[in-house]
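Read off the chains here:
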Amino acid sequence: AAGVIQSPRHLIKEKRETATLKCYPIPRHDTVYWYQQGPGQDPQFLISFYEKMQSDKGSIPDRFSAQQFSDYHSELNMSSLELGDSALYFCASSLSPRAYEQYFGPGTRLTVT
Amino acid sequence: AQTVTQSQPEMSVQEAETVTLSCTYDTSESDYYLFWYKQPPSRQMILVIRQEAYKQQNATENRFSVNFQKAAKSFSLKISDSQLGDAAMYFCALNQGGSEKLVFGKGTKLTVNP
């Protein structure tokens, strides 16, 4: 069965640089979520989109922005990167916001040096 | 506010035996869902089992079952016939009605001893 695709899988950036993470949801899933998991931490919700509109927002820094496109893929843009942004970034998708079950991608490991 | 608490940072079990992981939660909503996710060393988040709050019957998925005590706001995971491949970090998560985000507990690291 098709799963959530995230690219790139690994990314190394320097402080103050910009990064773009991409997420391709499971076919027919119209809702996308982004989570950040720091080392030894639980995943923290960043932001979600439903039908290309932002549907919920968590503890996402102002330096980060995201959007969902017409084909339902989503991109997380991160600017002015800081050392503390080093983390595993998950994208998850669901059939609808009320479907509740979220299926996670493999994650993008971002390292900021 | 919704919170999820996993009081066991680490647990261990012998292969083929049974282990129970604990989770308590707090929510003011009557409509919510509870989940257990498994995160092996690969760091992939794998959905293990889900429970709808309105259902009294405990969910079961093969060797995995839950004990959902709504009044006590408790949601424990039982793994029967433990296998080496069950070794992972297990996260309990809550999805509160009206909000789509998942709120996770801090996780329980499960070790399976051969």
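Here, the structure is the one placed above.
This is a predicted model, so every value here is computed, not measured.

Trainee: For this particular structure, what's the right way to read the overall build of chain A?
Mentor: In terms of helices and strands, chain A carries 0 helices and 11 strands. For 113 residues, the compact-globule estimate of 2.2 N^0.38 gives 13 Å, and chain A sits close to it at 13 Å. When burial is assessed residue by residue, chain A has 50% of its 113 residues classed as buried. Accessible surface for chain A amounts to roughly 5,300 Å². Of this, 50% is attributable to carbon and sulfur atoms. One finds the centroid of the 11 positive side-chain charges in chain A at a distance of 3 Å from the centroid of its 12 negative side-chain charges.

Trainee: Any chance you could explain the pairing of strand 8 (residues 64–69) of chain B here in plain terms?
Mentor: Successive residues of a regular strand alternate their side chains across the two faces of the sheet. Residue and element names in this part refer to chain B. Alignment of strand 7 (residues 60–61) against strand 8, held across 2 bridges, turns out to be antiparallel. Residue E61 lies in a different strand from strand 8, and its bridge partner there is F64. Of the strand pairs in this sheet, strand 8 and strand 9 (residues 74–79) are connected by 6 bridges, and their pairing is antiparallel. In the sheet register, N67 faces strand 9, and the bridge partner there is S76. If you look at the hairpin formed by strand 8 and strand 9, you'll find 4 residues sitting between the two strands, and K73 has a positive phi there, around 55°.

Trainee: What should I look at first to understand the state of the cysteines in this one?
Mentor: All names here are of chain B. Under the counting rule described, the total for this entry stands at 2 disulfides over all chains. Covalently, C23 is tied to C92 through a disulfide, its sulfur atoms 2.0 Å apart. In this structure the cystine formed by C23 and C92 twists about its S-S bond by roughly -70°; its chirality is therefore left-handed. Of the two residues, C23 sits in the loop between strand 3 (19–21) and strand 4 (24–26) while C92 sits in strand 10 (residues 88–96), which places them 69 residues apart along the sequence. Of the residues examined, C92 reaches a relative accessible area of 0% and is grouped as buried.

Trainee: Would you take a moment to explain the side chain of H29 of chain A for this structure?
Mentor: Tracing the chain through its elements places H29 of chain A in the loop between strand 3 (19–24) and strand 4 (31–37). Once you skip the residues sitting within four places of it in the chain, H29 of chain A turns out to touch Y72, S93, S94, L95 and Y103 of chain A.

Trainee: Would you mind showing me how to read the environment of G38 of chain A here?
Mentor: All names here are of chain A. One can find G38 in the loop between strand 4 and strand 5 (44–50). Using a relative accessible area of 15% as the deciding quantity, one classes G38 as buried. For the pair formed by G38 and G84, sequence separation is 46 residues and the distance between their alpha carbons is 8.6 Å.

Trainee: Just checking my understanding: could you explain the layout of surface pockets for this structure?
Mentor: Once rolled over the atoms, a probe with the size of a water molecule shows which space is left empty. Residues and elements named next belong to chain B. Here the largest pocket defines a volume of roughly 220 Å³. Q39, P40, R43, A88 and M89 are, among the 16 residues lining the largest pocket, the residues nearest its centre. Within the residue set of the lining of the largest pocket, elements represented by two or more residues are strand 10 and strand 12 (108–113). In terms of residue class, the lining of the largest pocket is built from 7 nonpolar, 6 polar and 3 charged.

So, how was this worked out
- Residues numbered from 1 in each chain as written.
- Chains lettered and ligands numbered in written order.
- Predicted model: local features only at pLDDT ≥ 70, side-chain atom pairs only at ≥ 80, totals over all residues.
- Heavy atoms only, no water.
- Helix = DSSP H or I, 4+ residues; strand = E, 2+ residues; numbered from the N terminus.
- Rg over C-alpha atoms; globule rule 2.2 N^0.38 Å.
- Buried < 20%, exposed > 50% of the residue type's maximum accessible area, 1.4 Å probe, protein only.
- Areas by Shrake-Rupley, 256 points an atom, 1.4 Å probe, with all protein chains shown as cover.
- Lys, Arg positive; Asp, Glu negative; His and termini not counted.
- Charge placed at Lys NZ, Arg CZ, Asp CG, Glu CD.
- Pairing = 2+ DSSP bridges.
- Disulfide = S-S within 2.5 Å.
- Contact = heavy atoms within 4.5 Å.
- 1 Å grid on protein atoms, 1.4 Å probe; cavity = no way out; pocket = protein on both sides within 12 Å on 5 of 7 lines; lining within 4 Å.
- Points joined across faces, edges and corners; volume = space filled by probe spheres on them.
- Nonpolar A, V, L, I, M, F, W, Y, C, P; charged D, E, K, R; others polar.

Purely spatial values, then, with no claim about function.
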